[in-house]
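Summary of structural features
The residues making up each chain are set out below.
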There are 2 protein chains.
Amino acid sequence: MSPTPPPSDLHDHLGYWLRMVSNAVSQDFAREIEGQGVTVAEWVFLRALHDADCLAPSLLAERMGMTKGAISKLADRLSEKKLVQRAPNPEDGRGQMLSLTPAGRALVPELARIADGNDAAFFDTLAPAERDHLGALLRKIARAHELTRAPVD
Amino acid sequence: MSPTPPPSDLHDHLGYWLRMVSNAVSQDFAREIEGQGVTVAEWVFLRALHDADCLAPSLLAERMGMTKGAISKLADRLSEKKLVQRAPNPEDGRGQMLSLTPAGRALVPELARIADGNDAAFFDTLAPAERDHLGALLRKIARAHELTRAPVD
DNA sequence: TATTGTTATACTCTATAACTATA
DNA sequence: TATAGTTATAGAGTATAACAATA
């Protein structure tokens, strides 16, 4: 009888390298914005609110690919930090409208600058054409699998 | 006075696309191996032991980029599942030697097959040359930043 | 009855540090 | 004392589901 073939090498998987690089980028970024008192999930939350002006928690949950329970907890934390405020929805007594406080609005460009710097520092080892190619490949995969959620972790 | 420029778009960051695709790959994989009763961290743990035959927890912690406390908890869970066994290190009364049980050894190729299938399903939207290029770009970044830890989350 | 948002519970991973036993 | 491993604690994320108020 033939012996069991050895399992494939971890390093053969594109998913392995993707995760290794992605985790390193995210962890570096998380460490940097920690100095601003926010987590990556909170940054995505603030960034989404910045674009939308005001947003119902349920819509935000959908955009961030999180449950409404998770959004509720995030909103609690960001309210305590005075970066986000809740207002009742005048058209629906059950609903809310989330928006940035002035402090929250002021913080977003600061965090965006950190994100820019982090991205540049990490990918400057690639030539511009290589960076473009990497982006195109990743977007092609995202499109093929209909990935739309803003990644949080 | 000039108005504050709008913060850069999230989608401009390579790190954003990297995280989106990487999270999707990992979450799909996590869901699949859940059926085998293990998490991604446990899979990496089992895979490392499979290569090494037997390994001290401290070495495993270093390879996986986890603390010894985290390794200890993982080893607890995998022992309960009868996939890993602890043995005293005869040369050092403080140390241990971790190894796979027969059940653990039998499970690794099964998980490796799932990993293969997951990787293939996710990246088959790319042409072979594109897959090679993506891998080369990711390894180039990993090399430049001296990333060596097997990513776990 | 269905929906919005809150809350409770539980599990995984992470980080720090106190602790035990051995070297 | 230093090191190997365990344990406790705490925080962040994820998921499910029970719950209150409103539609």
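Cut-offs applied
- Residues numbered from 1 in each chain as written.
- Chains lettered and ligands numbered in written order.
- Predicted model: local features only at pLDDT ≥ 70, side-chain atom pairs only at ≥ 80, totals over all residues.
- Heavy atoms only, no water.
- Near = heavy atom within 4 Å.
- Polar contact = N/O pair within 3.5 Å; in protein donor to acceptor, adjacent residues only side chain to side chain.
- Helix = DSSP H or I, 4+ residues; strand = E, 2+ residues; numbered from the N terminus.
- Nonpolar A, V, L, I, M, F, W, Y, C, P; charged D, E, K, R; others polar.
- Pairing = 2+ DSSP bridges.
- Contact = heavy atoms within 4.5 Å.
- Axes fitted to C-alpha atoms, helices over the stretch in contact; angles between N-to-C directions.
- UniProt positions renumbered as here; feature names shortened; annotations may be inferred.
- Core = buried A, V, L, I, M, F, W, Y, C linked by side-chain atoms within 4.5 Å.
- Buried < 20%, exposed > 50% of the residue type's maximum accessible area, 1.4 Å probe, protein only.
- Phe/Tyr/Trp six-rings, centres within 6.5 Å; stacked < 30°, edge-to-face > 60°.
- Lys NZ or Arg CZ within 6 Å of the ring centre and 35° of its normal.
- Expected span 1.5 Å × (residues − 1).
- Buried area = accessible area lost by both parts, 1.4 Å probe.
- Salt bridge = Lys/Arg side-chain N within 4 Å of Asp/Glu carboxyl O.

Around DNA strand D sit 20 residues, and of these Arg77 and Gly93 of chain A together with Pro57, Ser72 and Arg94 of chain B come closest. Among the atoms of DNA strand D lying within 4 Å of the protein, the sugar-phosphate backbone contributes 63%. Within the side chain of Arg94 of chain B, a nitrogen or oxygen atom sits 2.8 Å from a base oxygen of DNA strand D. When residues of the surface near DNA strand D are traced back to their parent elements, those giving at least two are helix H4 (68–80) of chain A together with helix H3 (57–64) and helix H4 (68–80) of chain B. A total of four residues in the surface near DNA strand D trace back to one element, the largest contributor, which is H4 of chain B. Considered class by class, the residues forming the surface near DNA strand D number four nonpolar, eight polar and eight charged.

Once that is clear, we can look at the sheet that holds strand E2 (residues 84–88) of chain A. Residues and elements named next belong to chain A. The three strands are arranged E1-E3-E2 in an open sheet whose pairing can be described as antiparallel. Looking at the sheet topology across the chains shown, the edges are occupied by strand E1 (54–55) and E2. Docked against the sheet, H4 engages E2 and strand E3 (96–100), running at close to 115° with respect to E2.

Taking the UniProt record as the reference, the feature "domain: HTH marR-type" (unreviewed entry) is found at residues 11–143 of chain A. Secondary structure content for residues 11–143 of chain A is 70% helix and 9% strand, while the C-alpha to C-alpha distance between its ends is 25 Å.

Residues Phe45 of chain A together with Phe45 of chain B are the most contacted members of the largest nonpolar core, which totals 94 residues. Residues in contact with Phe45 of chain A, not counting those within four places in the same chain, are Leu60, Met64, Ile71, Leu74, Ala75, Leu78, Val84 and Leu98 of chain A.

Aromatic rings considered in pairs are described by the distance between their centres and by the relative angle of their planes. What the rule picks out here adds up to six aromatic pairs over all chains. Plain terms: the ring middles of Phe122 of chain B and Phe123 of chain B are 6.0 Å apart, the flat faces sit at 55° to each other, and that makes the pair tilted. Phe123 of chain B matches Phe122 of chain B in its accessibility class, with the two residues each being buried. Sitting above the plane of the Trp17 of chain B ring, Arg139 of chain A keeps its charged end 5.9 Å from the centroid.

All names here are of chain A. Taking 1.5 Å per residue, 13 residues should reach 18 Å; helix H2 (residues 40–52) reaches 18 Å between its end C-alpha atoms and fits that length. For H2, the tally of buried residues reaches eleven of 13 residues, placing the bulk of the element in the interior. Residue Asp53 follows H2 closely and has a positive phi angle near 75°.

Right, let's talk about the interface of chain A and chain B for a bit. Taken together, the contact between chain A and chain B spans 55 residues of the former and 55 residues of the latter. Interface area for chain A against chain B, summed over the two sides, is near 5,400 Å², with a carbon-plus-sulfur share of 71%. The interface formed by chain A and chain B includes two salt bridges. Where Lys140 of chain A meets Glu130 of chain B, a salt bridge forms, and the shortest distance between an N and an O atom there is 3.1 Å. Our enumeration of links across chain A and chain B arrives at eleven residue pairs in polar contact (both at pLDDT 80 or more). Only helix H1 (14–34), H2, helix H5 (102–123) and helix H6 (128–144) of chain A provide two or more residues apiece to the side of chain A that touches chain B. If you tally residues by element for the side of chain A that touches chain B, the top one is H1 of chain A, at 13 residues. Residue composition of the side of chain A that touches chain B, by class: 31 nonpolar, 13 polar and eleven charged.

What follows deals with the pattern of salt bridges. Pairing between side chains of opposite charge can happen when their charged atoms approach one another. Scanning all chains against the criterion turns up 18 salt bridges over all chains. The partner of Asp53 of chain A in a salt bridge is Arg105 of chain A, with the nearest N and O atoms 3.4 Å apart. Here the residue Asp53 of chain A occupies a position in the loop between H2 and E1, and Arg105 of chain A occupies one in helix H5, the gap between them amounting to 52 residues. The partner of Arg113 of chain B in a salt bridge is Glu110 of chain B, with the nearest N and O atoms 3.0 Å apart. Residue Arg113 of chain B and its partner Glu110 of chain B are both found in helix H5 (residues 102–123); the two are separated by three residues, about one turn of the helix. When salt bridges with common partners are traced through the structure, they connect Glu42, Arg77 and Lys81 of chain A into a single cluster.

A separate point is the protein's contact with DNA strand C. In the neighbourhood of DNA strand C, 19 residues make up the surrounding shell, with Ser72 and Gln96 of chain A together with Arg77, Gly93 and Arg94 of chain B lying closest. Protein-proximal atoms of DNA strand C, defined as those within 4 Å of the protein, fall in sugar or phosphate at a share of 61%. Contact distances for DNA strand C include 3.1 Å between a phosphate oxygen and a side-chain N or O atom of Ser58 of chain A. Residue Arg77 of chain B places a side-chain N or O atom 2.7 Å away from a phosphate oxygen belonging to DNA strand C. Looking at the surface near DNA strand C, the elements that each hand over two or more residues are helix H3 (57–64) and H4 of chain A together with H4 of chain B. The residue inventory of the surface near DNA strand C, partitioned by class, reads four nonpolar, eight polar and seven charged.

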